[in-house]
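Working through the structure, step by step
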Amino acid sequence: MDLRSNLLSSLLENIDENHRLTVLDIGPALPETVEFFSQFKCRLYFADLFSDEILSHQNEEMSDDELRNSFSRLLDYPEQTKFDICLFWDALNYLDQPALRIFSEVLSPFLSSTTGIHGFSPLKASTKLPNQQFSIKQLDCLRVSPREGIQLSYYPHPQIELNKTLHGIAVSKSTLLPNGLLEMLFKVTD
């Protein structure tokens, strides 16, 4: 299924084709996204939260230090790395509040005041989160496909909760989609 994405297109349309982009995708490396970014001078990093142990072991089984160490291993990039674009998709909703806070703390050194961040979250905590994955098909169009396997436990985070929990990141724009999800752009606040 294809999904029109005005906010993502507003983030991507101002890409300077002469500037080397550094992009973080916290989902799996899907062919459409790789192909889309192949038109730019770009370094793509994939930190697939969905294939990592964190999502299945975060609930009370892992201490804050264990979570921090796991996220540090997942985001093990050179110290000078600064992301121009981060694609969170709906992955933040698969992290409980402590994991969400610690993930944003570990990610923080890789962000700058100009980093553009895109993601999805439900309008209400009661909204059922579809078991799906996202990739970029075109500048203003996402490919949405079913995620294989049984859906992992999820923790829907409405916009207000994200703004309270995320370290150094806040929602700057959002738009409601027909399926009850908010498409959001985030800004770096630190």
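The paragraphs below set out a description of the structure included in this document. Bear in mind the structure is a predicted one, so any value in this text is a computation, not a measurement.

Looking at the layout of surface pockets
- In this model, the largest pocket occupies a volume close to 170 Å³.
- What lines the largest pocket is simply Ser10, Leu11, Asn14, Ile15, His19, Leu21, Asp84, Ile85, Thr114, Thr115 and Gly116.
- When its residues are assigned to classes, the lining of the largest pocket shows four nonpolar, six polar and one charged.

Here's the deal with the pattern of salt bridges
- One pass over the full model with this rule turns up nine salt bridges.
- The partner of arginine 101 in a salt bridge is aspartate 64, with the nearest N and O atoms 3.3 Å apart. With a gap of 37 residues between them, arginine 101 in helix H5 (residues 97-107) and aspartate 64 in helix H4 (residues 64-74) connect regions that are remote in the sequence.
- One salt bridge connects aspartate 65 with arginine 68, and the closest N-O pair in it is separated by 3.8 Å. With aspartate 65 and arginine 68 both in helix H4 and three residues apart, this pair spans about one turn of that helix.
- A relative accessible area of 52% places aspartate 65 in the exposed class.

Here's the deal with the packing of aromatic side chains
- Tallying each qualifying case throughout the model produces 15 aromatic pairs.
- Centroid distance phenylalanine 37 to phenylalanine 40: 6.3 Å. Interplanar angle 50 degrees. Geometry classified as tilted. You'll find phenylalanine 37 and phenylalanine 40 in the same group, each marked buried.
- Aromatic pair tryptophan 89 and phenylalanine 134: ring centres 5.8 Å apart, planes at 10 degrees, arrangement stacked. Linking tryptophan 89 in strand S4 (residues 85-89) with phenylalanine 134 in strand S6 (residues 132-138), this pair joins segments that are 45 residues apart in sequence.
- Taking relative accessible area as the criterion, tryptophan 89 reaches 4% and is therefore assigned buried.
- One aromatic cluster in this structure is built from Tyr45, Tyr77, Phe83 and Phe110.

Some thoughts on H5
- Here H5 has its buried residues at Ala99, Leu100, Ile102, Phe103, Ser104, Val106 and Leu107.
- On its buried face, H5 is in contact with strand S2 (21-25), H4, S4, helix H6 (159-165) and strand S8 (169-176).
- Two or three places before alanine 99, at the opening of H5, aspartate 96 has a side-chain oxygen 3.0 Å from that residue's backbone nitrogen.

What to know about the pairing of strand S7 (residues 141-146)
- Examined bridge by bridge, strand S1 (residues 2-4) and S7 share three bridges and lie antiparallel to one another. Across the sheet, the residue bridging to arginine 4 is cysteine 141, located in S7.
- Of the strand pairs in this sheet, S6 and S7 are connected by six bridges, and their pairing is antiparallel. Note that in S7 the partner of glutamine 138 across the bridge is cysteine 141.
- The hairpin turn running from S6 into S7, its antiparallel successor, is two residues long.

The rules behind each value
Residues numbered from 1 in each chain as written. Predicted model: local features only at pLDDT ≥ 70, side-chain atom pairs only at ≥ 80, totals over all residues. Heavy atoms only, no water. 1 Å grid on protein atoms, 1.4 Å probe; cavity = no way out; pocket = protein on both sides within 12 Å on 5 of 7 lines; lining within 4 Å. Points joined across faces, edges and corners; volume = space filled by probe spheres on them. Nonpolar A, V, L, I, M, F, W, Y, C, P; charged D, E, K, R; others polar. Salt bridge = Lys/Arg side-chain N within 4 Å of Asp/Glu carboxyl O. Helix = DSSP H or I, 4+ residues; strand = E, 2+ residues; numbered from the N terminus. Buried < 20%, exposed > 50% of the residue type's maximum accessible area, 1.4 Å probe, protein only. Phe/Tyr/Trp six-rings, centres within 6.5 Å; stacked < 30°, edge-to-face > 60°. Contact = heavy atoms within 4.5 Å. Polar contact = N/O pair within 3.5 Å; in protein donor to acceptor, adjacent residues only side chain to side chain. Pairing = 2+ DSSP bridges.

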